[in-house]
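# Observations on chain architecture
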Amino acid sequence: MSDYEPFIAEQTEQSIAVYPGTFDPITMGHIDIIKRGLTLFDKVIIAIARNSAKVPLFNIDERLEMIRESFPDSGDRIAVDTVGGLLVDYAYTRGAKAIIRGLRAVSDFDYEFQLALMNRRIEREVETVFLMTGFRWIFISSSIIKDAARHGGDVSGLVPDHVCERLREKYFGGGQGGI
Ligand code: COA
């Protein structure tokens, strides 16, 4: 079993939470939420899920790799996985008690409320837990970071260095310029 394969609660008796998202790419804001999640749960499964409204820049393998590279010393407390179908079904079969979502600003609330209520309607045994994003990350999103990077803006500090590098490769073919 690799370090990043998901765990199953029955085998461990530990509290597990799923942190879903598109992660296109993972940002320091996501990492902040994951670290906060680890103070509440024994294990966090970072789950790349499909948002049908989005066309990602990075493919699934690239996103998996970027997440894994962001947690080189996580031991067995973090797993990274992909979700094909319904998120709550995935969480339930993994024995997760909760789905973690980060709240940045009031603008997130409507969508997150809808998502949480629909998830609860489908599967009552999995709760949604909202964590406040660290103040420094309140105004960032993957899209705004991609937009800045695409135009050569400096996004260092907002994403891990290896993600900066991947953005540079995507937009500038690994050559000089930008970011
Ligand atoms: N700091 C900075 N940015 C953050 C953040 C944080 N703490 N938390 C979220 N964001 C950003 C993300 O980067 C993302 O930016 P983008 O829109 O520019 O890409 C945005 O906020 C929200 O994205 P994310 O948290 O990745 O969620 P999502 O809306 O892309 O994902 C799914 C939603 C995938 C979880 C949802 O569609 C899902 O559950 N899909 C599975 C299928 C399913 O079960 N559907 C039924 C749902 S009822």
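An account of the accompanying structure is given in this report. (Residues numbered from 1 in each chain as written. Predicted model: local features only at pLDDT ≥ 70, side-chain atom pairs only at ≥ 80, totals over all residues. Heavy atoms only, no water.)

Here the focus is unusual backbone geometry. That bond from D24 to P25 is cis: its omega, 0°, falls within 30 degrees of zero. Among the secondary structure elements, P25 is positioned in the loop between β1 (16-21) and α2 (28-40). (Helix = DSSP H or I, 4+ residues; strand = E, 2+ residues; numbered from the N terminus.)

Let's shift gears to the nonpolar core. Nonpolar side chains tend toward joint burial in soluble globular proteins. Ranked by size, the top nonpolar core spans 31 residues in total, and within it I26, I34, I46, I67, F71, I100 and L167 carry the most contacts. Of all the secondary-structure elements, those providing two or more residues to this core are β1, α2, β2 (43-48), α3 (60-70), β3 (78-82), β4 (98-103), α6 (142-150) and α7 (161-172). Tallying contributions element by element places α2 first for this core, with four residues. Every residue in contact with I67, bar those within four places of it in the chain, is listed here: F23, I26, I46, I48 and V80. By size, the runner-up hydrophobic cluster in this structure holds 15 residues, among which are V18, L87, A96 and V126. (Core = buried A, V, L, I, M, F, W, Y, C linked by side-chain atoms within 4.5 Å. Buried < 20%, exposed > 50% of the residue type's maximum accessible area, 1.4 Å probe, protein only. Contact = heavy atoms within 4.5 Å.)

Turning our eyes to something else, we now look at the pairing of β3. Within β3, four of the five residues are buried, which leaves the element mostly enclosed by the surrounding structure. Pairing of β2 with β3, which is carried by five bridges, proceeds in the parallel orientation. If you follow A47 over to β3, its bridge partner there is D81. Where the polypeptide runs from β2 across α3 and back to β3, its parallel neighbour, the crossover connection is right-handed. (Pairing = 2+ DSSP bridges. Right-handed = clockwise from strand over helix to strand, strands pointing away.)

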